[in-house]
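Fold and geometry: a report
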Amino acid sequence: MGKVYVFDHPLIQHKLTYIRDKKTGTKEFRELVDEVATLMAFEITRDMPLDDVDVETPVTTAKAKVLSGKKLGIVPILRAGIGMVDGILTLIPAAKVGHIGLYRDPETLQPIEYYVKLPADVEERDFILVDPMLATGGSALVAINALKKRGAKNIKFMCLIAAPEGVEVLQEAHPDVDIYIAALDEKLDDHGYIVPGLGDAGDRLFGTK
Ligand SMILES: O=P(O)(O)OC[C@H]1O[C@H](OP(=O)(O)OP(=O)(O)O)[C@H](O)[C@@H]1O
Ligand SMILES: O=c1cc[nH]c(=O)[nH]1
Ligand SMILES: [Mg+2]
């Protein structure tokens, strides 16, 4: 079963409070999501592989480490996932970025796929799939299916807020995928929105309604 990691770092939790706040406008919301994505990227890359190297300091030779160069792909689920991409690239600028376009049908809550574009060498990359919200879990499930269908083997899912229902669905469908979140909320409401949540992430990021 996929593990769930809750990033309880005080800076992440502080910023998440203002992301949730309905008084936070689009500009500040976008900036905060960007900042939290950077902080979460710092935590999620903790297990990046390192190689041993020798480096000449002004004093002597030091045994040191460099990143092994394992290829990484960042994949936002459109639209709202886009808000987390730049924040991650701040720390991992060489990562390639794929896109998976999905929207939830408001009646059925089923995800509808409308776009998939991934780096050509999918099989060689580790992927971080990002979306601010894990609600029913349908969107993340379908996005992971789309990645796996094209050859992705090592996938992490990173989001700001998850509902217990979505975590369960994802763990059941994709037990090999670990889930990294800033908060685990209480439940879903009758319209599939996370309670207490932050509202509609895409609308708040892009100023739509
Ligand atoms: O876990 P689920 O129940 O599938 O819900 C989560 C999805 O809902 C939101 O997208 P939305 O459909 O609002 O599309 P948008 O990003 O274009 O606004 C959110 O960004 C997730 O992708
Ligand atoms: O609470 C929710 C659930 C799905 N999508 C959102 O943007 N917010
Ligand atoms: Mg939306």
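This report concerns the structure included in the present document. Values in this document were obtained by computation on a predicted structure and should not be read as measured data.

Broken down by element type, the chain carries six helices and 13 strands. Scaling as 2.2 N^0.38, a compact globule of 209 residues should have a C-alpha radius of gyration of about 17 Å, and the chain matches this with 18 Å. Principal-axis analysis of the C-alpha atoms places the extent of the chain at approximately 65 × 40 × 30 Å. Looking at the chain as a whole, 46% of its 209 residues are labelled buried. Within the chain, contacts between residues at least 6 apart in sequence are counted, and of these 63% link residues at least 24 apart.

Let us now look at the site of ligand 1. Inspection of the region around ligand 1 gives 16 residues, with R104, D131, T136, G137 and S139 positioned closest. Here A135 contributes a backbone N or O atom positioned 2.9 Å from an oxygen atom of ligand 1. Take G137: an N or O atom from its main chain is 2.9 Å from an oxygen atom of ligand 1. If ligand 1 stood free it would expose 500 Å²; the protein chains cover 91% of that surface. In this structure, ligand 1 is accommodated by the largest pocket. Contributions of two or more residues to the shell around ligand 1 are made by β4 (72-78), β6 (99-104), β9 (133-134) and α4 (138-149). Within the shell around ligand 1, the residues separate by chemical class into seven nonpolar, five polar and four charged.

A word on the nonpolar core. Core analysis: the largest hydrophobic core is formed by 35 residues, its most contacted members being I19, M40, I88, M158, L160 and L198. Those elements that place two or more of their residues in this core are α1 (10-20), α2 (26-44), β4, α3 (82-89), β8 (126-130), β10 (154-162), β11 (178-184) and α6 (201-206). For this core, the element with the highest residue contribution is α2, accounting for eight residues. Filtering out sequence-adjacent residues up to four positions away, L198 remains in contact with I19, R20, F29, M133, L160, I161 and R204.

α2 packs onto α1 with a crossing angle of 155 degrees between their chain directions and a minimal axis gap of 9 Å. For the element pair α1 / α2, the angle class is roughly antiparallel. For the element pair α1 and α2, the recorded crossing hand is left-handed. On α2, the residues that touch L11, I12, K15, L16, Y18 and I19 of α1 are F29, L32, V33, E35, V36, L39 and M40. Of the residues in the contact of α1 with α2, the class split is 11 nonpolar, no polar and two charged.

For the structure on display, the rule yields 14 salt bridges. Salt-bridge contacts for E31 lead to K27; the nearest nitrogen and oxygen are separated by 2.9 Å. Note that E31 and K27 are positioned in helix α2 at a spacing of four residues, about one turn of the helix. By relative accessible area, E31 is classed as partly exposed at 35%. Overall, K27 belongs to the exposed group, its relative accessible area being 59%. Across the salt bridge formed by K63 and D54, the nearest N and O atoms sit 3.2 Å from each other. According to the relative accessible area criterion, K63 is exposed, its value standing at 75%. Ionic contacts of the salt-bridge type, sharing partners, join the residues K71, D121, E124 and R125 into one network.

Taken as a whole, the largest pocket encloses approximately 620 Å³ of empty space. Forming the boundary of the largest pocket are 27 residues, of which Y103, R104, S139, Y193 and D200 lie nearest the centre. Breaking the lining of the largest pocket down by element, the ones donating at least two residues are β4, β6, β9, α4 and α6. When its residues are assigned to classes, the lining of the largest pocket shows 15 nonpolar, eight polar and four charged.

Cut-off values and rules
Residues numbered from 1 in each chain as written. Chains lettered and ligands numbered in written order. Predicted model: local features only at pLDDT ≥ 70, side-chain atom pairs only at ≥ 80, totals over all residues. Heavy atoms only, no water. Helix = DSSP H or I, 4+ residues; strand = E, 2+ residues; numbered from the N terminus. Rg over C-alpha atoms; globule rule 2.2 N^0.38 Å. Buried < 20%, exposed > 50% of the residue type's maximum accessible area, 1.4 Å probe, protein only. Contact = heavy atoms within 4.5 Å. Near = heavy atom within 4 Å. Polar contact = N/O pair within 3.5 Å; in protein donor to acceptor, adjacent residues only side chain to side chain. Areas by Shrake-Rupley, 256 points an atom, 1.4 Å probe, with all protein chains shown as cover. 1 Å grid on protein atoms, 1.4 Å probe; cavity = no way out; pocket = protein on both sides within 12 Å on 5 of 7 lines; lining within 4 Å. Sits in = over half its atoms within 2 Å of the grid points. Nonpolar A, V, L, I, M, F, W, Y, C, P; charged D, E, K, R; others polar. Core = buried A, V, L, I, M, F, W, Y, C linked by side-chain atoms within 4.5 Å. Axes fitted to C-alpha atoms, helices over the stretch in contact; angles between N-to-C directions. Parallel < 35°, antiparallel > 145°, perpendicular 65-115°, else oblique. Left-handed = near helix turned anticlockwise from the far one by under 90°. Salt bridge = Lys/Arg side-chain N within 4 Å of Asp/Glu carboxyl O. Points joined across faces, edges and corners; volume = space filled by probe spheres on them.

Without other data, these values stay purely geometric and don't point to any function.
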